[in-house]
Amino acid sequence: MIITAIRHTSVDVPSGICYGTTDVPLSKTFGDEATLILRQLKNQHFDRIFSSPVSRCTTLASRIFPEREVISDQRLVELNFGDWEMQQWETIFNSPEGKAWFANYTLASCPNGESFADLISRVNIFLDQMETTEDHQIIMVTHAGVIRTLMCLLQHKTPEEAFHTPLKFGEILNFNYADPQPATI
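Keep in mind the model is a prediction, meaning the values are calculated, not measured. (Residues numbered from 1 in each chain as written. Predicted model: local features only at pLDDT ≥ 70, side-chain atom pairs only at ≥ 80, totals over all residues. Heavy atoms only, no water.)

*Asks:* Requested: an account of the overall build of the chain, with residues and values cited.
*Replies:* For the chain, the count of helices and strands is 7 helices and 7 strands. Listing every helix and strand of the chain by position from the N terminus yields β-β-α-β-α-β-β-α-α-α-β-α-α-β. Computed over its C-alpha atoms, the radius of gyration of the chain comes to 16 Å, within 12% of the 16 Å expected for a compact globule of 185 residues. Expressed along its principal axes, the backbone C-alpha trace of the chain runs to roughly 50 × 40 × 25 Å. By the burial criterion, 48% of the 185 residues in the chain qualify as buried. Long-range pairs, those at least 24 residues apart, make up 70% of the contacts in the chain between residues at least 6 apart in sequence. A total accessible area of about 9200 Å² is found for the chain, and carbon and sulfur atoms account for 50% of it. Taking the 14 positively charged and 23 negatively charged side chains of the chain as two groups, their mean positions are separated by 8 Å. (Helix = DSSP H or I, 4+ residues; strand = E, 2+ residues; numbered from the N terminus. Rg over C-alpha atoms; globule rule 2.2 N^0.38 Å. Buried < 20%, exposed > 50% of the residue type's maximum accessible area, 1.4 Å probe, protein only. Contact = heavy atoms within 4.5 Å. Areas by Shrake-Rupley, 256 points an atom, 1.4 Å probe, with all protein chains shown as cover. Lys, Arg positive; Asp, Glu negative; His and termini not counted. Charge placed at Lys NZ, Arg CZ, Asp CG, Glu CD.)

*Asks:* Break down the side chain of Ser 52 for me, with residues and values.
*Replies:* Note on placement: Ser 52 falls in the loop between β3 (48-51) and α2 (55-64). Take Ser 52: its relative accessible area is 0%, and that puts it in the buried class. A distance of 2.8 Å separates the side chain of Ser 52 from the side chain of His 143, its partner in a polar contact. Apart from the residues within four sequence positions on either side, Ser 52 is in contact with Cys 57, Thr 58, Ser 72, Asp 73, Leu 76, Val 77, Val 141, Thr 142 and His 143. (Polar contact = N/O pair within 3.5 Å; in protein donor to acceptor, adjacent residues only side chain to side chain.)

*Asks:* Got a sec to walk through the sheet that holds β3? Specific residues and values, please.
*Replies:* Taken in spatial order, the 5 strands of this open sheet run β4-β3-β6-β1-β7, and their pairing is mixed. Where the open sheet ends on each side, the last strands, each with one partner, are β4 (70-72) and β7 (172-176). With strand direction ignored, the average angle separating the axes of adjacent strands in the sheet is 25°. Across the sheet, α2 touches β1 (2-7), β3, β4 and β6 (137-142), and the angle it forms with β6 is around 135°. (Pairing = 2+ DSSP bridges. Axes fitted to C-alpha atoms, helices over the stretch in contact; angles between N-to-C directions.)

*Asks:* Describe the nonpolar core, and please don't skip the residues or the numbers.
*Replies:* Ranked by internal contacts, the top residues of the largest apolar core, which has 34 residues, are Ile 3, Phe 126, Leu 127, Met 140, Leu 150, Leu 154 and Phe 175. At the level of secondary structure, the elements contributing two or more residues to this core comprise β1, α5 (116-131), β6, α6 (144-154) and β7. With 8 residues, α6 is the largest single contributor of residues to this core. Setting aside its immediate chain neighbours within four residues, Phe 175 contacts Met 1, Ile 2, Ile 3, Ala 5, Ile 147, Leu 150, Met 151, Leu 154 and Gln 155. Core analysis: the next-biggest nonpolar cluster, separate from the first, contains 20 residues, Val 24, Phe 30, Ala 34 and Leu 41 among them. (Core = buried A, V, L, I, M, F, W, Y, C linked by side-chain atoms within 4.5 Å.)

*Asks:* How would you explain the packing of α5 against α6 if you had to name every residue and give the values?
*Replies:* At their nearest, the axes of α5 and α6 sit 9 Å apart, and the two run at 75° to each other. Classified by the angle between their axes, α5 and α6 sit roughly perpendicular to one another. Facing Phe 116, Leu 119, Ile 120, Val 123, Asn 124 and Leu 127 of α5, the residues of α6 in contact are Gly 145, Val 146, Arg 148, Thr 149, Leu 150, Cys 152, Leu 153 and Leu 154. The class makeup of the residues in the contact of α5 with α6 is 10 nonpolar, 3 polar and 1 charged. (Parallel < 35°, antiparallel > 145°, perpendicular 65-115°, else oblique. Nonpolar A, V, L, I, M, F, W, Y, C, P; charged D, E, K, R; others polar.)

*Asks:* Please give an account of the state of the cysteines that cites residues and values.
*Replies:* Scanning all chains against the criterion turns up 0 disulfides. Free of any disulfide, Cys 110 has its nearest neighbouring cysteine sulfur in Cys 18, separated by 6.9 Å. By relative accessible area, which is 3% here, Cys 110 ends up buried. This cysteine, Cys 152, is not joined by any disulfide, and Cys 110 carries the nearest cysteine sulfur, 16 Å off. (Disulfide = S-S within 2.5 Å.)

*Asks:* Describe in detail unusual backbone geometry, supporting the description with residues and values.
*Replies:* Although it is not a glycine, Asn 112 sits at a positive phi angle of roughly 60°. On the secondary structure map, Asn 112 appears in the loop between α4 (96-103) and α5. Unusually for a residue other than glycine, His 156 sits at a positive phi of about 60°. Counting through the fold element by element, His 156 comes out in the loop between α6 and α7 (159-163).

Honestly, it's all geometry; don't read function into it.
Right, here's the structure in full:
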């Protein structure tokens, strides 16, 4: 099975803000960004379409596939940053909790949030369910954290390698779900 993952388009949030699971608005360039994605997906067929339930993803999925059913799936939501949602990354980084999390983000949870291992577990459950379908091509509109999780699970990257891989807003990546492996944490 081929899994095509699209990172949502740019958001109307000041630079340097941690927004994770918070439902933030899309930027004014949404129409242009969605048109570019549509051009890149031209003439491709997908058996099923999934989206994170957050509006920055569902809006894009509905724009790209207006005549198709879009399946909203909570497992495709971004990492839950808990108490850090809508806080400045610089403030988070400079706090004792932030320093501890950045030193071990794969296993340490954000205050009242998740760890990267939690996100990997959540996405892996989604993939296990996909393994039982007869779909050949699925597409998901999701977040950078989920895409990095797919890199760990399907491309065998370490979390550090995945987090050092730049992901642009609206970027499209393809993953082969032929031989999933446990993520190396």
